[in-house]
Amino acid sequence: MNYRIDYNTGEVLLSSPMPATALGQRWVLVAEYETSATSKAETVAGVRVSAPIAGLAGAKTKGEVGAKIVRDNTPGTQGTMASLDIQVPVGANTDIKAEIAASRRSGDSAAQAWQAEVNHRLADTSARAYVKQTDGNFGLGTLSGSETGLRTAGAQAEHKLNSGLSVSVQAETSHRAAGAAGPGAKTQQLSTAVQGPIAAGDNLAGTWSLGVKKAWENNSDNQAEFVTAGIGLGPKQGDWSARLETEQALGGKGLSSAPEKWQLNGAYKLNGVTDL
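Remember, it's a predicted structure, so these values are computed and weren't measured experimentally. (Residues numbered from 1 in each chain as written. Predicted model: local features only at pLDDT ≥ 70, side-chain atom pairs only at ≥ 80, totals over all residues. Heavy atoms only, no water.)

Caption draft 1: A look at the overall build of the chain. Assigned secondary structure in the chain consists of 0 helices and 15 strands. Pairs at least 24 apart in sequence give 44% of the contacts found in the chain among residues at least 6 apart. In the structure as shown, the chain presents an accessible area of about 16900 Å², 57% of it carried by carbon and sulfur atoms. (Helix = DSSP H or I, 4+ residues; strand = E, 2+ residues; numbered from the N terminus. Contact = heavy atoms within 4.5 Å. Areas by Shrake-Rupley, 256 points an atom, 1.4 Å probe, with all protein chains shown as cover.)

Caption draft 2: Region of the structure containing the packing of aromatic side chains. Applying the stated criterion to the full structure yields 0 aromatic pairs. Sitting over the ring of F226, K213 keeps its end group 5.2 Å from the ring centre. (Phe/Tyr/Trp six-rings, centres within 6.5 Å; stacked < 30°, edge-to-face > 60°. Lys NZ or Arg CZ within 6 Å of the ring centre and 35° of its normal.)

Caption draft 3: Representation of the environment of D202. With respect to the helices, strands and loops of the structure, D202 is situated in the loop between strand 11 (186-200) and strand 12 (204-217). On a C-alpha basis, the gap between D202 and K236 in space is 8.3 Å, while along the polypeptide they are 34 residues apart.

Caption draft 4: Fine view of unusual backbone geometry. With a phi angle near 55°, A57 is a residue other than glycine that sits in the positive phi range. As for its placement among the helices and strands, A57 is situated in the loop between strand 3 (44-53) and strand 4 (63-72). With a relative accessible area of 66%, A57 lands in the exposed category. (Buried < 20%, exposed > 50% of the residue type's maximum accessible area, 1.4 Å probe, protein only.)

Caption draft 5: Geometry of the pattern of salt bridges. By the definition in use, this model includes 7 salt bridges. Between R121 and D95 there is a salt bridge; the shortest N-O distance is 2.8 Å. One end of the pair, R121, is in strand 7 (residues 111-121); the other, D95, is in strand 6 (residues 94-105), and 26 residues separate them in sequence. Since its relative accessible area comes to 7%, D95 is described here as buried. A salt bridge links K214 to E225; the nearest nitrogen and oxygen atoms lie 2.4 Å apart. One end of the pair, K214, is in strand 12; the other, E225, is in strand 13 (residues 222-235), and 11 residues separate them in sequence. Looking at E225, the relative accessible area reads 27%, which means it is partly exposed. (Salt bridge = Lys/Arg side-chain N within 4 Å of Asp/Glu carboxyl O.)

Caption draft 6: Structural detail: the confidence of the model for the chain. Averaged over all residues, the pLDDT of the chain is 80; the fraction at 70 or higher stands at 74%. Across the chain, strand 8 (residues 125-134) holds the top mean pLDDT of 95, while strand 1 (residues 3-6) sits lowest at 63. Predicted confidence is poor over residues 20-26, with pLDDT under 50, and the contacts of this stretch with residues over four places away or in other chains come to 5 contacts. (pLDDT = per-residue confidence, 0-100.)

Caption draft 7: Fine view of the environment of E217. Relative to the elements of secondary structure, E217 occurs in strand 12. For E217, a relative accessible area of 5% gives the class buried. With 44 residues separating them in the primary sequence, E217 and T173 have C-alpha atoms 9.8 Å apart.

Caption draft 8: Layout of the side chain of R243. Examined against the element boundaries, R243 turns out to sit in strand 14 (residues 240-252). Side chain to side chain, R243 and T207 meet in a polar contact 3.1 Å long. Within polar-contact distance, the side chain of R243 engages the side chain of E245 at 2.7 Å. (Polar contact = N/O pair within 3.5 Å; in protein donor to acceptor, adjacent residues only side chain to side chain.)

Written out as structure tokens, the structure is:
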């Protein structure tokens, strides 16, 4: 498995950069989820339109501009959200992405969110820088509470070594608006890890990772150090994969924004179009 899910934020974190080209020059990441509520079922519907645009500085691939609108009729969270997004390739190795959105729930004021990122890729090195901000009352009830009222900026980079190993580093800082729900008013995290391949016989293959992370809350008043580790296995040509990951504190105070974790992910391909 070449990804992991951060259940605090809902983000899908790729273990390595997604290739720049694929069928039709596009890669699509599909996420399915289920939710339950005590209220009766209602309609949540949305539509998105997009159009290709030319890249900049001699880019060989096209970019895209899109618009989306979503209407939620669930009792207690009725509202509408609209967004505009753009992706622009710059040259052969760089692309820029940006999105801005606005939402309004019944009985609440309008709220905004935006994000922007730059990705750069070379033969053995990739880098990403990003910034995003979400108002405290943004969304239609499906946004994680840990993301609301938050301004985040960060950068990450990965370099592949000749031995098959790769080294990654990530730094991130977040600031939560006064009065917004969620852990910590201000947090910073710095992490680095080494990842390598696993050859387990003729049929099995996978990856391992080992790293360290340091986290601070509220201008270094609270801080903690962690060791991170993970292992993933699956058949080279098979229908299943599994990955176990953990973050364990080495010292310092417990942080609400960076708890200790054990996480097990698994996937099984039922048929050609359905995954479990």
